[in-house]
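Reading the structure
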Amino acid sequence: MFPDDWFLYLKDAFQTDSFKALKKFVLQERKVYNIYPVQEDMFRAFIETPFDSVKVVILGQDPYHGFGQAHGLSFSVKDEIPFPPSLRNIFMELKNDLGIDFPISGNLTKWANRGVFLLNTALSVRENLPNSHQNQGWEDFTDSVIKVISDNKNNIVFILWGKNAIAREKFIDSSRHFIIKSAHPSPLSAFKGFFGSRPFSKTNQWFESKNILPINWNLNNENYFNFIES
């Protein structure tokens, strides 16, 4: 279930007492409760964005806790699922930043396939109970993921939305990577610094400065780089 390319860098993290306890916890939770995402999608972010392909890291908190929403990519929902408020605000900022219209679907797999690693700090959650799998070991694992990316790659853009994500800045080498920080896109905080933060254009401008191919943020048209036209 876990890709070999990532495992080469994270094999030690899987052997920690923290991860072993986490594994037992999640397996027990699945026996008693509805847990999201489904088992096959828990490491979907690693499957859709191979290690060598990572260019951007967008860090979320934990998966959506409603039926049919979460599928292993932070902030993303499956096709035909209504946009959760945070995702809607992300698309609003994308529209204001780059002029890209709202997509038909809130499925961000296209971003993941273009090098945008959509990671949550916790990779599972109990149905209708947000943050229910926090402080069970996921954070130890995903902190290791962030550090592995920072230590083994160069010129990555880390987009940190909200206090939970910003707390992980200490694992990132800012001399090798570009960090974008703002409030979380949640309706509770979006007007406190998320709207107007322009993370999408800032990412691409930084890539341009490094002569790196920018990200196509347009989910409606694979070949159209909107920022070039704006």
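It should be emphasised that the depicted structure is a prediction, and the values quoted were computed from it without experimental measurement.

1. As for the sheet that holds strand β3 (residues 116-120)
- As summarised here, the arrangement of the four strands in space is β3-β2-β5-β6, forming an open sheet in which the pairing is parallel. Lying at the two open borders of the sheet, with one neighbouring strand each, are β3 and β6 (178-182). Strand-to-strand twist across the sheet, computed as the mean angle between neighbouring axes with direction ignored, equals 20°.
- In this structure, strand β5 (residues 157-161) lies alongside β6, joined through five bridges in parallel fashion. By the bridge assignment, Trp161 is partnered in β6 with Ser182.

2. Remarks on the pattern of salt bridges
- Across all of its chains, the model carries eight salt bridges by this definition.
- Put simply, Lys95 and Asp101 hold a salt bridge, and the shortest N to O gap is 2.6 Å.
- Since its relative accessible area comes to 35%, Lys95 is described here as partly exposed.
- We classify Asp101 as partly exposed; its relative accessible area is 46%.
- Between Glu169 and Lys181 there is a salt bridge, with the nearest N and O atoms lying 3.1 Å from each other. Here the residue Glu169 occupies a position in the loop between α7 (163-166) and β6, and Lys181 occupies one in strand β6, the gap between them amounting to twelve residues.

3. A closer look at the packing of helix α1 (residues 4-14) against helix α6 (residues 138-152)
- Contact pair α1 / α6: the axes reach a minimum separation of 10 Å and the direction vectors enclose 135°. When the interaxial angle is binned, α1 and α6 end up oblique. The two elements α1 and α6 meet at a crossing, and its hand is right-handed. Residues Trp6, Tyr9, Leu10, Ala13 and Phe14 of α1 pack against Phe141, Ser144, Val145, Val148, Ile149 and Asn152 of α6.

4. Section: unusual backbone geometry
- Cis rather than trans, the peptide bond between Tyr36 and Pro37 has omega equal to -10°.
- Considering the arrangement of structural elements, one finds Pro37 in the loop between β1 (35-36) and α3 (44-48).
- The backbone phi angle of Phe75 is positive, close to 70°, even though this residue is not glycine.
- Mapping Phe75 onto the fold places it in the loop between β2 (56-60) and α4 (85-98).
- Despite not being glycine, Arg198 has its phi angle at roughly 50°, a positive value.

5. Details of the layout of surface pockets
- If you add up the space inside the largest pocket, you get close to 570 Å³.
- Residue lining of the largest pocket: 33 residues in total, with Gln61, Asp62, Tyr64, Ser86 and His184 positioned closest to the centre.
- At the level of secondary structure, the elements contributing two or more residues to the lining of the largest pocket comprise β2, α4 and α7.
- At three residues, the largest contribution of residues to the lining of the largest pocket is made by α7.
- Size it by volume and the second largest pocket reaches roughly 240 Å³.
- Together, 13 residues line the second largest pocket, and Phe19, Lys23, Gln39, Met42 and Phe43 are the ones closest to its centre.
- With six residues, the single largest contributor to the lining of the second largest pocket is helix α2 (residues 17-32).
- Across the lining of the second largest pocket, the residue classes tally to ten nonpolar, one polar and two charged.

Cut-off values and rules
- Residues numbered from 1 in each chain as written.
- Predicted model: local features only at pLDDT ≥ 70, side-chain atom pairs only at ≥ 80, totals over all residues.
- Heavy atoms only, no water.
- Pairing = 2+ DSSP bridges.
- Helix = DSSP H or I, 4+ residues; strand = E, 2+ residues; numbered from the N terminus.
- Axes fitted to C-alpha atoms, helices over the stretch in contact; angles between N-to-C directions.
- Salt bridge = Lys/Arg side-chain N within 4 Å of Asp/Glu carboxyl O.
- Buried < 20%, exposed > 50% of the residue type's maximum accessible area, 1.4 Å probe, protein only.
- Parallel < 35°, antiparallel > 145°, perpendicular 65-115°, else oblique.
- Left-handed = near helix turned anticlockwise from the far one by under 90°.
- Contact = heavy atoms within 4.5 Å.
- 1 Å grid on protein atoms, 1.4 Å probe; cavity = no way out; pocket = protein on both sides within 12 Å on 5 of 7 lines; lining within 4 Å.
- Points joined across faces, edges and corners; volume = space filled by probe spheres on them.
- Nonpolar A, V, L, I, M, F, W, Y, C, P; charged D, E, K, R; others polar.

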